[in-house]
Amino acid sequence: MKRSDQVAEAAISLLAERGMRGLTHRAVDEAAGLPPGSTSNLARTRAALLELTLSRLTELEEQALSALLTPDVPGGTSDKSLDGPEGEARNPLGDLPGRLAEALHVQLRDRRRTLARYELALEATRRPELRVIYDQAGRRFRDPAVALLAAAGSPDPVRHARRLVAYGEGIMFDAIAGAGAEPSLDELRAAMRELLTGMLA
C-alpha cells in the first residue's frame, strides 16, 4: 500500500472512531504505525490531510459501488409482484431496485467508511475549500444515478436522481447515526422497488 493510502486509511479509521477532534497528524502516525512526522511530510496542514482523506474515501467507495452503479438498460428480470393479470412478467425496472439496494447495503455494512464520510460532510460545511472537493466527489456518484434512471425510462432523471440520493442518504443516516434499526437487504429491495415504481410509473 502506498504511504499516502496508509495515512488516509488511518485517518478514515480515526474519523469513524474518534470524530473530527481525534484526527491529528500525530494520531494518524500512531494509528498507521508510521514514524513521527510521516503524515506531516505528506499533508503539512490539516486542510491537506482532510483532502487526502476525502480523496481516498471516494476512491474506496467507487471501488465498492462501481459495479452496482454502472448504467445499463434494465434487463426485464421477472418480478412477480409486478405481473399483469394474465400472468406475464412486466417488470420495466429490471434489476435496478436490487442493484440500488445492494449499493445501500454495502454502505451500511461498512460503518467505518460511512461514519468518516459524515464527519467530512459536516466539516465541509465549515471549510469552503473542502466543500468544493466534497461536492466534486459527490457528483461521481450522483451522475451515475442520473444515467441509471434515464436508462430505466425516467422522464426527468436529474430530478429523480436527487430524490433517489436523498432517500438513500436518509436511510443510511437513520440506521447509522439516527435511532433506526439497520434494514435487511430484502427490506432495502422492497423500499427501492416502491420508490422507483412511484417515480417511474
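Notes on the structure in this doc start here. (Residues numbered from 1 in each chain as written. Predicted model: local features only at pLDDT ≥ 70, side-chain atom pairs only at ≥ 80, totals over all residues. Heavy atoms only, no water.)

Let's shift gears to the pattern of salt bridges. A full pass over the atoms with the stated rule returns 16 salt bridges. Ionic pairing is found between Arg140 and Glu62, a salt bridge with its closest N-O pair at 2.6 Å. Separated by 78 residues along the polypeptide, Arg140 in helix α7 (residues 128-151) and Glu62 in helix α4 (residues 46-65) bring together distant segments of the chain. The partly exposed category is assigned to Arg140, whose relative accessible area is 44%. On the accessibility criterion, Glu62 (26% relative accessible area) is partly exposed. Taking the shortest distance from any N to any O, the salt bridge between Asp95 and Arg99 comes out at 3.8 Å. What makes Asp95 partly exposed here is its relative accessible area of 34%. On the accessibility criterion, Arg99 (9% relative accessible area) is buried. Salt bridges sharing partners connect three or more residues here, namely Asp5, Glu9, Arg56, Glu59 and Arg112. (Salt bridge = Lys/Arg side-chain N within 4 Å of Asp/Glu carboxyl O. Helix = DSSP H or I, 4+ residues; strand = E, 2+ residues; numbered from the N terminus. Buried < 20%, exposed > 50% of the residue type's maximum accessible area, 1.4 Å probe, protein only.)

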